[in-house]
Amino acid sequence: MKRLLCSITLLFVVLARSVSGTEVVNFEKDVLPVLQQHCMECHGEKKQKSGLRVDSRAALLKGGDFGAAIIPGDVKNSHLIEVITSTDEDVRMPPKGERLSPTAVEALKNWIAQGAVWPGQMENVANAKTTSDHWSFQPFRKEFANDSLDGFIHTKLTEKSLSPSPEADRRTLIRRVTLDLTGLPPTPDEVEAYVADQDARAYEKVVERLLNSPRYGERWAQHWLDVIRYADTRGYEYNSLRNNTWPFRDWVIEALNNNLPYDQFLFQQIAGDTVGVDPATGFLVTAPLPTPPEIGEEPDAIKAARFNALDEVVQNVGASMLGLTVGCARCHNHKFDPITARDYYKMVSVFSGLQYDSRPWRKGPDAEQLNRLQKVDQRVDIVRQELVPLTNLRESVAGRYTDHFALVTAKWVRISVVATDATSEGPAFDELEVWSAEQPGTSPLNLADAGRGAKATSSGAALQLGSKDEFLNDGKYGSASTWVADRRPPAWVQIELAQPELIDRVTWSRDRELASTNPAEHAKRLTSAWRIEVATKAGEWRSIAKAGLDNVALQRRHDLENELQKLLVSQATLRAGPVVFAGRFTPPQPINVLLRGDPQQPRDPVGPGGLDFLNGTELPAEAPEAERRVKFAQWLTTTAAHLTARVAVNRVWHHHFGTGLVDTPSDFGHVGGQPTHPELLDWLANEFIQSGWNLKKLHTLIVTSATYRQSSTPVSHAIELDAGSRLLWRFPPRRLDAEAIRDGMLAITGSLDLKMGGEGVNIYTRQGDFDQWKPQQNPGPESWRRMIYLTKIRGADDGMFKTFDLPDCGQVRAKRSDSTTPLQALNLLNGQFTIEQSKRLAERVQREAGDDLEQQITRAFALILARPPSDRERQACLLTAQGDGLIVVCRALFNSNEFLFLP
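So, how was this worked out
- Residues numbered from 1 in each chain as written.
- Predicted model: local features only at pLDDT ≥ 70, side-chain atom pairs only at ≥ 80, totals over all residues.
- Heavy atoms only, no water.
- Helix = DSSP H or I, 4+ residues; strand = E, 2+ residues; numbered from the N terminus.
- Buried < 20%, exposed > 50% of the residue type's maximum accessible area, 1.4 Å probe, protein only.
- Contact = heavy atoms within 4.5 Å.
- Areas by Shrake-Rupley, 256 points an atom, 1.4 Å probe, with all protein chains shown as cover.
- Lys, Arg positive; Asp, Glu negative; His and termini not counted.
- Charge placed at Lys NZ, Arg CZ, Asp CG, Glu CD.
- pLDDT = per-residue confidence, 0-100.
- Expected span 1.5 Å × (residues − 1).
- Polar contact = N/O pair within 3.5 Å; in protein donor to acceptor, adjacent residues only side chain to side chain.
- Salt bridge = Lys/Arg side-chain N within 4 Å of Asp/Glu carboxyl O.
- 1 Å grid on protein atoms, 1.4 Å probe; cavity = no way out; pocket = protein on both sides within 12 Å on 5 of 7 lines; lining within 4 Å.
- Points joined across faces, edges and corners; volume = space filled by probe spheres on them.
- Nonpolar A, V, L, I, M, F, W, Y, C, P; charged D, E, K, R; others polar.
- Axes fitted to C-alpha atoms, helices over the stretch in contact; angles between N-to-C directions.
- Parallel < 35°, antiparallel > 145°, perpendicular 65-115°, else oblique.
- Left-handed = near helix turned anticlockwise from the far one by under 90°.
- Phe/Tyr/Trp six-rings, centres within 6.5 Å; stacked < 30°, edge-to-face > 60°.
- Pairing = 2+ DSSP bridges.

A. Molecular detail of the overall build of the chain. Counting secondary structure elements, the chain contains 31 helices and 21 strands. When its C-alpha atoms are laid out on the principal axes, the chain stretches across 105 × 100 × 50 Å. Within the chain, buried positions represent 51% of all 903 residues. Across the chain, every contact between residues at least 6 apart in sequence was considered, and the portion connecting residues at least 24 apart equals 71%. For the chain, the accessible area works out to roughly 41,500 Å², and carbon and sulfur atoms hold 51% of it. Each charge class in the chain can be summarised by its mean position, and for the 105 positive and 115 negative side chains these summaries are 2 Å apart.

B. Highlighting the confidence of the model for the chain. Per-residue confidence for the chain averages 87 on the pLDDT scale, and 91% of its residues sit at or above 70. Confidence drops under a pLDDT of 50 for residues 124–128, and excluding neighbours within four residues, the segment shows seven contacts in the predicted structure.

C. Expanded view of helix α5 (residues 102–113). Over its 12 residues, α5 extends 16 Å from the first C-alpha to the last, a length consistent with the 16 Å expected when each residue adds 1.5 Å. Restricting attention to buried positions, one finds in α5 the residues Ala-104, Val-105, Ala-107, Leu-108, Asn-110, Trp-111 and Ile-112. Among the residues trailing α5, Gly-115 stands out with phi positive, at a value near 105 degrees.

D. Structural detail: helix α7 (residues 170–182). The end-to-end C-alpha distance of α7, which contains 13 residues, comes to 18 Å, matching closely the 18 Å that a straight helix rising 1.5 Å per residue would cover. Within α7, 10 of the 13 residues are buried, which leaves it mostly tucked inside the rest of the structure. Those residues of α7 that fall on the buried side of the exposure criterion are Leu-173, Ile-174, Arg-175, Arg-176, Val-177, Thr-178, Leu-179, Asp-180, Leu-181 and Thr-182. Where α7 begins, the capping side chain belongs to Asp-169, and its oxygen is found 3.1 Å from the backbone nitrogen of Arg-171. Backbone geometry just after α7 places Gly-183 at a positive phi near 75 degrees.

E. Examining the pattern of salt bridges more closely. Applying the stated criterion across every chain, the model contains 42 salt bridges. Here Arg-867 ties to Glu-898 by a salt bridge, and the two come within 2.7 Å at their closest N and O atoms. One end of the pair, Arg-867, is in the loop between α28 (853–865) and α29 (871–884); the other, Glu-898, is in helix α31 (residues 897–900), with 31 residues separating them in the sequence.

F. Geometry of empty space enclosed by the protein. Scanning all chains against the criterion turns up four cavities of 30 Å³ or more. Each pocket or cavity is described by its volume, and for the largest cavity that value is around 210 Å³. Contributing to the lining of the largest cavity are 14 residues, with Trp-220, Trp-224, Tyr-262, Arg-651 and Val-652 lying nearest its centre. When residues of the lining of the largest cavity are traced back to their parent elements, those giving at least two are α10 (214–227), α12 (262–271), α21 (641–657) and α23 (695–703). With five residues, α10 is the single largest residue contributor to the lining of the largest cavity. Residues belonging to the lining of the largest cavity are distributed by class as follows: 10 nonpolar, three polar and one charged. Volume-wise, the second largest cavity comes out at about 60 Å³. Lining the second largest cavity are Gly-183, Glu-218, Arg-219, Gln-222, Glu-739, Ala-740, Asp-743, Arg-786, Met-787 and Ile-788. Every element with two or more residues in the lining of the second largest cavity is listed here: α10 and α25 (738–749). Looking at the lining of the second largest cavity residue by residue, the classes come out as three nonpolar, two polar and five charged.

G. Looking closely at the packing of α21 against α23. Look at α21 against α23: their axes get within 11 Å of each other, and the N-to-C directions meet at 45 degrees. With respect to each other, α21 and α23 are oriented oblique. In this structure, α21 crosses over α23, and the sense of that crossing is right-handed. Contact residues: α21 offers Val-649, Val-652, Trp-653, His-656 and Phe-657, while α23 offers Leu-695, Leu-698, His-699, Ile-702 and Val-703.

H. Spatial organisation of the layout of surface pockets. For the second largest pocket, the calculated volume is near 930 Å³. Sorting the residues of the lining of the second largest pocket by element identifies α7, α10, α21, β18 (734–735), α26 (822–830), α31 and β21 (901–902) as the ones contributing at least two each. The residue makeup of the lining of the second largest pocket, split by class, is 17 nonpolar, 15 polar and 12 charged.

I. Seen up close, the environment of Ala-450. Looking at the secondary structure, you find Ala-450 in the loop between β8 (431–436) and β9 (455–458). Using a relative accessible area of 41% as the deciding quantity, one classes Ala-450 as partly exposed. For the pair formed by Ala-450 and Ala-498, sequence separation is 48 residues and the distance between their alpha carbons is 9.4 Å.

J. Here's a closer look at the side chain of Thr-749. The topology assignment puts Thr-749 in helix α25. Given a relative accessible area of 4%, Thr-749 falls into the buried group. Of note is the side chain of Thr-749, whose polar atom sits 3.1 Å from the backbone oxygen of Leu-746.

K. Just the packing of aromatic side chains, in detail. Under the criterion given, the structure shown has 30 aromatic pairs. Ring geometry for Phe-152 against Trp-683: centres 5.6 Å apart, planes inclined by 45 degrees, an arrangement best described as tilted. Residue Phe-152 is located in helix α6 (residues 149–159), and its partner Trp-683 is located in helix α22 (residues 678–690); the two are separated by 531 residues in the primary sequence. Residue Trp-683 is classed as buried on the basis of its relative accessible area, which comes to 8%.

L. How the structure looks around the side chain of Asp-743. Here Asp-743 lies in helix α25. Taking relative accessible area as the criterion, Asp-743 reaches 2% and is therefore assigned buried. At 3.0 Å, the side chain of Asp-743 forms a polar contact with the side chain of Arg-742. If we ignore the near neighbours within four places in the chain, the residues touching Asp-743 are Gly-183, Leu-184, Leu-752, Arg-785, Arg-786 and Met-787.

M. Here's a closer look at the environment of Asp-88. Tracing the backbone through its elements, the reader meets Asp-88 in the loop between α4 (79–85) and α5. The class for Asp-88 is partly exposed, based on a relative accessible area of 36%. Along the sequence, Asp-88 and Glu-540 sit 452 residues apart, while their C-alpha atoms lie 60 Å from each other.

N. Geometry of the pairing of β9. Residues Ala-456 and Ser-458 of β9 are buried on one face, while the alternating residues Lys-455 and Thr-457, pointing to the opposite face, are not. Bridge count for β9 against strand β11 (residues 491–509) is four bridges, and the pairing is antiparallel. Residue pairing in the sheet places Thr-457 in a bridge with Gln-494 of β11.

O. Inspection of unusual backbone geometry at higher detail. Note that the residue after Pro-489, namely Pro-490, is joined by a cis bond; omega there is 10 degrees. Mapped onto the elements, Pro-490 comes out in the loop between β10 (483–484) and β11. Non-glycine residue Ser-161 carries a positive phi angle of around 60 degrees. Its identity is not glycine, yet Asn-615 carries a phi of approximately 60 degrees, on the positive side. Take Asn-615: it is sitting in the loop between β17 (602–606) and α20 (625–636).

P. Focus on the packing of α12 against α20. The interhelical angle for the contact between α12 and α20, taken along N-to-C directions, is 160 degrees, at an axis separation of 9 Å. When the axes of α12 and α20 are compared, the pair comes out roughly antiparallel. Crossing angle aside, the handedness with which α12 passes α20 is right-handed. Contact residues: α12 offers Phe-267, Ile-270 and Ala-271, while α20 offers Arg-629, Val-630, Phe-632, Ala-633, Gln-634 and Leu-636. In terms of residue class, the contact of α12 with α20 is made up of seven nonpolar, one polar and one charged.

Q. Looking closely at the environment of Val-75. Within the fold, Val-75 resides in the loop between α3 (57–62) and α4. Under the relative-accessibility criterion, Val-75 is labelled partly exposed at 22%. Expressed as a C-alpha distance, the spacing of Val-75 and Lys-109, which sit 34 residues apart in the sequence, is 6.1 Å. Apart from the residues lying within four places of it in its own chain, the contact partners of Val-75 are Ile-81, Lys-109, Ile-112 and Ala-113.

As structure tokens, this is what we get:
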């Protein structure tokens, strides 16, 4: 027994001295001296270039800006080995002086291969939590010095030897709060009713009325759409329209009007499809995105574009919901905040199943819709039965053409094109589909799909146009995957099936999207005369369908085919229901940390999860797609609630006072602004959560406060101490934004169309091949809806209100600019819109005030400024109206600072 134990001991000793034929590395002798002599000067306790330390195993496992420095057991993917063996002068380490000796390099490689054993440091802390004592990352304090908003403000004012201003007069106050909450001015009747109301709760009743108005959701939805870059076009070089984006805009408006709790407001935008709210996930795809032609066909470019698309989502979520610049960790650990590259890719993994695409909008069919569908289905059956004796039955729906024929066995299927609708153009197809015959208990299959072993050939593809035979059956549709013939007809396309199959129809398309967006262009290469042939032996073709080759078609057949086409369109519409551009979800792709953000250099695999320093649990890499988003959305308003609530409350404060308590609404990190009233921010955030994330209660708390109701009158000594009124010794006046100016003018003249929802009104015309957009000269009354309902074109100038700092929706924008430029005055004074609305206002006041010019002027003041004119103003306006007309007076009032500013 003793001999057996000795033998086993000897065996272990031998094994310990050899790993894959290599001597076991002595860390203290072979590895540590190399790190100390060549690495620790730049990557040690005092200095950490690229965020990397090498003076502990944990630091090496955690890595720096380029991810983990070592991966135990994986020499090839360990960044340390990559840089010490690189021949690139910009990458190699050490960066200057002699290279590491081959012996030192081999020692480091063997050490990593053998598990990177560092005596005394073998606990695996590569994923140990990063921590920070930064104020916004901390939990709320347990006790507060005040129990009211005004109490916190007064405490700070007292510290600075300042005093609050008196309450604003009632006319000013109702104009302020109405514009603030609804983006529209109060009517003269609303103003006079409030001025005369002696109820102690008169102001509170006004606030309740405004928050219950549908105009509230329209106003505050725009603030959110600004932050997340909502627009109706793609952006980039091809700034083409994205159809069906508007349901998301309408959902935001409805959610705010219905006072959807803010935690649910966020949840539904990330995972609304899991609770049947499809439009809400439009949030995930609001960012600009290049079209396939802009990306190209190179696999590397496609992969890079995919990660760029996911990066846009991470940026949107990070900035709007967490108030953090998470995107800065794409290429390396965040330089300032405790966000690692692994954190970034955990968030990428959360959304790795997302595709920028449309999806069915599950509104649920009503009884009338089901009844109509049943009638259409019955008529389709009747028409098809009548067409059975006729040859060449063709169905056409939205650019997709299906030729039916009697059952036939085929190994090869060929379409020969004899003519196109434009004889100078060769034919084009973006896909051919050969369908198996329908059998009991099975669904027809597209046997032409390359994924089923089918091969496509042709008489010749236009290689100079980027055309390829593979485009005929690659499963992709649209201009980016269209086969174009290299000649005018005759030409042919052919599918060789994997094996002989029983088939009964062939479907083909030219470009389904083009069929709906540009029918004239779509028709250029459509086949107008063709035949379909099949063969079971090579070269032995048999014609089974044809069209356009003779003139024997009966009028009845034509009538039935036309009717069938219309019926099929109705059928598809009724079955599919509405569509919304809100993202389509597919099985998630595996995600790795990418070295320098390069998709070609994957490193550690990661699972989906939230930020590590905010206790964002990482789910397994195989977690289901929907579960990833659900768990992440829940984390936002539970574990990370203290940060999420602070950001939300600060945004609301920002729009009420012009500047947030933190003046960088989308950056609560180390380089963001410091809160002027940190305890007030925490108190408001805590109250917000305790209220059930109730936004309308938060609004009420703010706008009914004495702080909000103060006069905006300047005080010289206070301005010297606090020129920006950040301490709120008065209400800070500010210029109205573009929407409030335009919508307010329309409301005042009586021209505003208050229709809610639906597809936007496009006031632009498309020009050129690259989707350039120019404003219409005079879009007219059909465009006089609220500005939020106008089609939002990225980067386009409407010729009038763009000068008032409308965002272009290209980059994440924390807040709008607040510029003052000569163009603003010139546009507002001389713009066609102002001239038109001034004329309409003059007509309105003449109609409502009668023939008395003085009464007309008084009415104009009431409508525009919510007050009567002073004697001096009245006299000046009378003289102007008598000399130049009432329209000029109206133009002047629209250009007054009093109209243009929130008082």
